[in-house]
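Remarks on the overall topology
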Amino acid sequence: MGKKFLHSLLHFSKAWLPPFLWALLIYILSDQGVLPKLDEDWADFIFKKSAHMFVYGVLYLLFYRAISVTSSKKYTAGAWKFGLLLTLVYAASDELHQMFVPGRYGTIRDVGYDMLGASIALLRQYQYI
């Protein structure tokens, strides 16, 4: 193997390993049949939906970074679109996965919270908020 290939592989790995590991963490959390619950229903709801928004906001930022680092300059301007698309696909697949985990269920509403978190991260990234 040539040095150029190894350099490219290392560059690609540095870019895509963080979103892969973050997605793996989300998968592990989603694979838990029973999650701890706060005493108050309203507090539990706010905590869990905020967690959805946070982890998917971070996932979007990691996808965006990986796309920006590994794309040619011509495609970097659209990295936010592809980052949001990857986040949406992963959010939907995660909810589908939860449908097969005993004690869990997937909902479209949670995909909405996931994308709300990603959208807030996008807006903050471009300093709209």
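Here is a short report on the structure shown in this document. (Residues numbered from 1 in each chain as written. Predicted model: local features only at pLDDT ≥ 70, side-chain atom pairs only at ≥ 80, totals over all residues. Heavy atoms only, no water.)

**Observations regarding the nonpolar core**
The test is simple: In these notes, a set of buried Ala, Val, Leu, Ile, Met, Phe, Trp, Tyr and Cys residues joined through side-chain atoms within 4.5 Å is what counts as a nonpolar core. Buried, partly exposed and exposed residues are distinguished by accessible area as a fraction of the type maximum, computed with a 1.4 Å probe on protein chains only: under 20%, between the cut-offs, and over 50%, respectively. Helix and strand definitions follow DSSP, with helices as H or I runs of at least four residues and strands as E runs of at least two, each counted in order from the N terminus. Contacts are residue-level and defined by heavy atoms, with any inter-residue pair within 4.5 Å sufficient.
Within the largest apolar cluster, 18 residues are counted, with the highest numbers of intra-cluster contacts made by Ile26, Tyr56, Leu59, Tyr60, Leu84 and Tyr90. The dominant element in this core, judged by the number of residues it contributes, is helix α2 (residues 41–70), at 7 residues. With sequence-adjacent residues up to four places away left out, leucine 59 is seen in contact with Pro19, Trp22, Ala23, Ile26, Thr87 and Tyr90.

**Here's the deal with a nonpolar patch on the surface**
Counted only if it meets this: A residue counts toward a patch only above 30% relative accessible area and without a salt bridge, and it is joined to like-charged neighbours within 9 Å or, for Val, Leu, Ile, Met, Phe, Trp and Tyr, to nonpolar neighbours within 5 Å. Residue-level accessible areas treat just the shown protein chains as cover; the underlying method is Shrake-Rupley with a 1.4 Å probe. Salt bridge, as applied in this entry: a Lys or Arg side-chain nitrogen positioned within 4 Å of an Asp or Glu carboxyl oxygen.
On the surface, a cluster of nonpolar side chains totalling about 670 Å² of accessible area is made up of Trp80, Leu116, Ile120, Leu123, Tyr126, Tyr128 and Ile129. Classification of tyrosine 128 by relative accessible area gives exposed; the value is 64%.

**Notes on the packing of aromatic side chains**
The condition is simple: Side-chain rings of Phe, Tyr and Trp, where Trp is taken by its six-membered ring, are said to pair if the distance between their centres is within 6.5 Å; with planes under 30 degrees apart they count as stacked, over 60 as edge-to-face, and otherwise as tilted.
Under the definition given, this model contains 7 aromatic pairs. Ring plane angle 40° and centroid distance 6.4 Å describe the contact between tyrosine 56 and tyrosine 90, whose orientation is recorded as tilted. Of this pair, tyrosine 56 sits in helix α2 while tyrosine 90 sits in helix α4 (residues 79–98), placing them 34 residues apart in sequence. Exposure class is identical for tyrosine 56 and tyrosine 90. Each is buried. Ring centres of tyrosine 60 and tyrosine 64 lie 6.2 Å apart, and the angle between their planes is 40°; on these two criteria the pair is classed as tilted. Here tyrosine 64 and tyrosine 60 lie together in helix α2, a separation of 4 residues that amounts to about one turn.

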